[in-house]
Amino acid sequence: MKLVHPDLQFQIEFAENTIPVCIIESPVRWRKIQKEMFSQCQGGDGSWVLSTGEKELKLNKSVEMIFNPLQLEENQRRILNGVLQSICQMAVNERYWKKGQELNTTIQGFFAELEMEYPFEYQINEEIDFSALAKAMGIRIEQEYETDLERLLQYCILAKEILKANLIIFWNLHNYFSVQELESLYQEISVRKWNVLLMENSVVHKIPVEKYYIIDKDNCEIY
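Residues numbered from 1 in each chain as written. Predicted model: local features only at pLDDT ≥ 70, side-chain atom pairs only at ≥ 80, totals over all residues. Heavy atoms only, no water.

1. Describing helix α1 (residues 27-41)
The end-to-end C-alpha distance of α1 is 21 Å, a good match for the 21 Å that 15 residues give at a rise of 1.5 Å each. Turning to α1, its buried residues are Arg29, Trp30, Ile33, Glu36, Met37, Gln40 and Cys41. Down the axis of α1, the buried set is contained in an arc of 140°. They therefore lie on one face. Opposite the buried face of α1, at more than 90 degrees from it, the exposed residues are Pro27, Val28, Lys32 and Lys35. With its phi angle positive at about 95°, Gly43 sits one or two positions after the end of α1. (Helix = DSSP H or I, 4+ residues; strand = E, 2+ residues; numbered from the N terminus. Expected span 1.5 Å × (residues − 1). Buried < 20%, exposed > 50% of the residue type's maximum accessible area, 1.4 Å probe, protein only. Arc of directions from axis to C-beta.)

So this is what it looks like as structure tokens:
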């Protein structure tokens, strides 16, 4: 998989055991690139192209951007809707189908018994809407974590498993975590075979697994 832009000579390539880092030293260029990427991730216009093989991937369906790892929204609507949809699919698969039918029978019987308490009759659906049931049960993503790094990792898991992100882009991650913490995160990324990209305006301590694509203050490219 690779990420390219017509204004840039380099192509950001994603490979196992390598963490691409794009360093943009000019604040003006940094702002322009961030605005364009954000626009495309929201379904707007832009010239960034993400592709795997010959297939182009739309950024708004394939990329999750993390601007501040201390302000993650695990229970945002996109994620919760994805979790509910996943639960609905899981509940009717081969492993859980029988238990789902047993639960449906129990619920049908419960409401039939309740009906006897009223001087009128009512109807309920013959089949359970597991998504609606899960929503009624108030399913939420746990937000208690021992460390900020653990919370970031959990959010990345949600982005991959629920939002189906092909690429996670971190902005200024070096400003939030130490070298040791980043190395720990990179190990998890390597084991899980995720594609990630770090966007930084500077890097003080470089890490061996990082591969650098630099746009300096004069807009010269170094890679």
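2. Describing the pattern of salt bridges
For the coordinates displayed, the defined rule picks out 4 salt bridges. Note that Arg151 and Glu74 form a salt bridge whose closest N and O atoms lie 2.6 Å from each other. Pair noted here: Arg151 is in helix α6 (residues 148-161) and Glu74 is in the loop between β6 (63-66) and α3 (77-91), with a separation of 77 residues, a long-range link. When its relative accessible area of 0% is taken as the criterion, Glu74 is described as buried. In this structure, Arg192 engages Glu188 in a salt bridge whose closest nitrogen and oxygen atoms are separated by 3.1 Å. With Arg192 and Glu188 both in helix α7 (residues 179-192) and 4 residues apart, this pair spans about one turn of that helix. (Salt bridge = Lys/Arg side-chain N within 4 Å of Asp/Glu carboxyl O.)

3. Quick word on the environment of Ile222
Counting through the fold element by element, Ile222 comes out in strand β10 (residues 221-222). Here Ile222 falls in the partly exposed class, since its relative accessible area comes to 45%. Taking the C-alpha atoms as reference points, Ile222 and Ile168, separated by 54 residues in sequence, lie 23 Å from one another. Here Ile222 is in contact with Tyr212, Tyr213, Ile214 and Asp216, once residues within four sequence places are set aside. (Contact = heavy atoms within 4.5 Å.)

4. Focus on α3
Its 15 residues give α3 an end-to-end C-alpha distance of 21 Å, which sits within 8% of 21 Å, the value for a rise of 1.5 Å per residue. Residues of α3 that are buried include every one of Ile79, Leu80, Gly82, Val83, Leu84 and Ala91, and no others. Against the buried residues of α3 lie α4 (97-115), α5 (130-136) and α6.

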